[in-house]
Amino acid sequence: MGIALFVLGLAGGAWGAMFLFNLRGAADKAVARRNAVRAVTAARTLNTGLTEPSRFGAWFFRLAGGIVLLGSPVLALAGLAVATLE
């Protein structure tokens, strides 16, 4: 269990850094994907309100990445603590 938490913490750190620093355009791609999904949903449901772009821009995904990046070392350290106690 501890090793799984440690690996999850490392993966969260990589994911958070990717979105926080917009590596390889991760936040921009997430915004484009979100707007495309909204457009498809608008076409399926005939809801014209969904055709407008989302109010959550790249800043939202960068903020989420920053929060995950801050929390992931805690998770990794907790995983190491559990692994050493087992």
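Residues numbered from 1 in each chain as written. Predicted model: local features only at pLDDT ≥ 70, side-chain atom pairs only at ≥ 80, totals over all residues. Heavy atoms only, no water.

Chemist: Any chance you could explain helix α1 (residues 2–20) here in plain terms?
Modeler: Counting along an α-helix, one turn takes 3.6 residues, and residues three or four places apart therefore face a common direction. Between its terminal C-alpha atoms α1 stretches 26 Å, which fits the 27 Å expected from 19 residues at 1.5 Å a residue. Of the residues making up α1, those classed as buried are G2, G9, G12, G13, G16, A17 and F19. Within α1, the buried residues cover an arc of 160° as seen down the axis, which keeps them to one side. Opposite the packed face of α1, turned more than 90 degrees from it, sit the exposed residues I3 and L10. Here the buried face of α1 lies against α2 (26–45) and α3 (58–85). Immediately beyond the C-terminal end of α1, within one or two residues, lies N22, with a positive phi of roughly 55°. (Helix = DSSP H or I, 4+ residues; strand = E, 2+ residues; numbered from the N terminus. Expected span 1.5 Å × (residues − 1). Buried < 20%, exposed > 50% of the residue type's maximum accessible area, 1.4 Å probe, protein only. Arc of directions from axis to C-beta. Contact = heavy atoms within 4.5 Å.)

Chemist: Looking at this structure, I do not really get a nonpolar patch on the surface. What am I missing?
Modeler: There is a patch of nonpolar side chains on the surface, built from W15, M18, F21 and L23 and spanning about 390 Å² of accessible area. Along the chain, the position of M18 falls in helix α1. Relative accessible area serves as the criterion here: at 32%, M18 is assigned to the partly exposed category. (Patch = residues over 30% accessible without salt bridge, like charges linked within 9 Å, V, L, I, M, F, W, Y side chains within 5 Å. Areas by Shrake-Rupley, 256 points an atom, 1.4 Å probe, with all protein chains shown as cover. Salt bridge = Lys/Arg side-chain N within 4 Å of Asp/Glu carboxyl O.)

Chemist: I would appreciate a short explanation of the nonpolar core in the present structure.
Modeler: Across soluble globular proteins, you tend to see nonpolar side chains buried next to one another. Counting residues in hydrophobic clusters, the biggest one holds six residues: F19, A26, A27, A30, V31 and F61. Of all the elements, α2 adds the most residues to this core, at four residues. In this structure A26 touches M18 and F19, once residues within four positions along its chain are discounted. (Core = buried A, V, L, I, M, F, W, Y, C linked by side-chain atoms within 4.5 Å.)

Chemist: Is there a simple way to think about the packing of α1 against α3 in this case?
Modeler: Each packed pair of helices is defined by two parameters, the angle between the axes and the distance between the axes. Where α1 meets α3, the closest approach of the two axes is 7 Å, and the angle between their N-to-C directions is 160°. When the axes of α1 and α3 are compared, the pair comes out roughly antiparallel. Once α1 is placed against α3, the crossing between them reads as left-handed. (Axes fitted to C-alpha atoms, helices over the stretch in contact; angles between N-to-C directions. Parallel < 35°, antiparallel > 145°, perpendicular 65-115°, else oblique. Left-handed = near helix turned anticlockwise from the far one by under 90°.)

Chemist: Where do I start with unusual backbone geometry in this structure?
Modeler: Glycine aside, the phi torsion of most residues is negative, and most peptide linkages are trans. One non-glycine residue, N22, adopts positive backbone phi at about 55°. Checked against the element boundaries, N22 lands in the loop between α1 and α2. The backbone of R24 sits at a positive phi, close to 55°, despite the residue not being glycine. If you trace the backbone, R24 turns up in the loop between α1 and α2. Among the residues examined, R24 registers a relative accessible area of 79% and is labelled exposed.

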